[in-house]
Amino acid sequence: PVPKWDTVYIQTDEHFRKNLPDIYSKIKKLVVDTDRENWGLLCALKKTVGLDDGVNIRCCEFHEYGKHARQICGPHIDTGSIFTVDIMLSSTEDFEGGVFITDSKKTQGNG
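Residues numbered from 1 in each chain as written. Predicted model: local features only at pLDDT ≥ 70, side-chain atom pairs only at ≥ 80, totals over all residues. Heavy atoms only, no water.

1. Remarks on the overall build of the protein chain
Phase 1 of the analysis: Looking only at helices and strands, one finds three helices and two strands in the protein chain.
Phase 2 of the analysis: Moving toward the C terminus, one meets the helices and strands of the protein chain in the order β-α-α-α-β.
Phase 3 of the analysis: Taking contacts inside the protein chain between residues at least 6 apart in sequence as the whole, the part at least 24 apart equals 65%.
Phase 4 of the analysis: Accessible surface, the protein chain as shown: approximately 9,500 Å² in total, 53% of it carbon and sulfur. (Helix = DSSP H or I, 4+ residues; strand = E, 2+ residues; numbered from the N terminus. Contact = heavy atoms within 4.5 Å. Areas by Shrake-Rupley, 256 points an atom, 1.4 Å probe, with all protein chains shown as cover.)

Encoded structure:
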């Protein structure tokens, strides 16, 4: 079979926030807590963007990887965001391989 290369944008029409509010809130909390512990970038944004915690999930994508799906997400830059969060939904026992790579030389912040 030809591998799928589908991206589902689940933030459209606030689908993610409305239909999965607990997961939405947990991800926002993860970002706020991680920022507070490491960089402190969101403090200034609270006033700038007018959000209680300075966090807005601008884009939320679902990508499927596997035997009959994409095998790799090639090098790219996530623009327009201060933070990018990647969450693996499978157990590491369910597959072989898989590497998450970042270019730490291009990160910014206070930490």
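2. Remarks on the side chain of Asp35
Phase 1 of the analysis: As for its position among the elements, Asp35 is in helix 2 (residues 21-38).
Phase 2 of the analysis: It turns out Asp35 is buried and unbridged, and the closest side chain with the opposite charge, Arg36, is 7.1 Å from it. (Buried < 20%, exposed > 50% of the residue type's maximum accessible area, 1.4 Å probe, protein only. Lys, Arg positive; Asp, Glu negative; His and termini not counted. Salt bridge = Lys/Arg side-chain N within 4 Å of Asp/Glu carboxyl O.)

3. Digging into the packing of aromatic side chains
Phase 1 of the analysis: Evaluated as defined, the whole model comprises two aromatic pairs.
Phase 2 of the analysis: Centroid distance Phe16 to Tyr24: 5.5 Å. Interplanar angle 70°. Geometry classified as edge-to-face.
Phase 3 of the analysis: For Tyr24, a relative accessible area of 12% puts it in the buried group.
Phase 4 of the analysis: Seen in terms of ring centroids, Trp39 and Phe83 are 5.6 Å apart; in terms of plane orientation they differ by 40°. Their pairing is tilted. Pair noted here: Trp39 is in the loop between helix 2 and helix 3 (42-49) and Phe83 is in the segment after strand 2 (61-63), with a separation of 44 residues, a long-range link.
Phase 5 of the analysis: The exposure class assigned to Trp39 is partly exposed, which follows from its relative accessible area of 26%.
Phase 6 of the analysis: You can call Phe83 partly exposed: its relative accessible area is 25%. (Phe/Tyr/Trp six-rings, centres within 6.5 Å; stacked < 30°, edge-to-face > 60°.)

4. Some thoughts on unusual backbone geometry
Phase 1 of the analysis: One non-glycine residue, Asp13, lies in positive phi territory at about 55°.
Phase 2 of the analysis: Mapping Asp13 onto the fold places it in the loop between strand 1 (7-9) and helix 1 (15-19).
Phase 3 of the analysis: In this structure, Glu14 takes a positive phi of about 55° despite not being glycine.
Phase 4 of the analysis: The residue Glu14 is located in the loop between strand 1 and helix 1 in this model.
Phase 5 of the analysis: With a relative accessible area of 39%, Glu14 lands in the partly exposed category.

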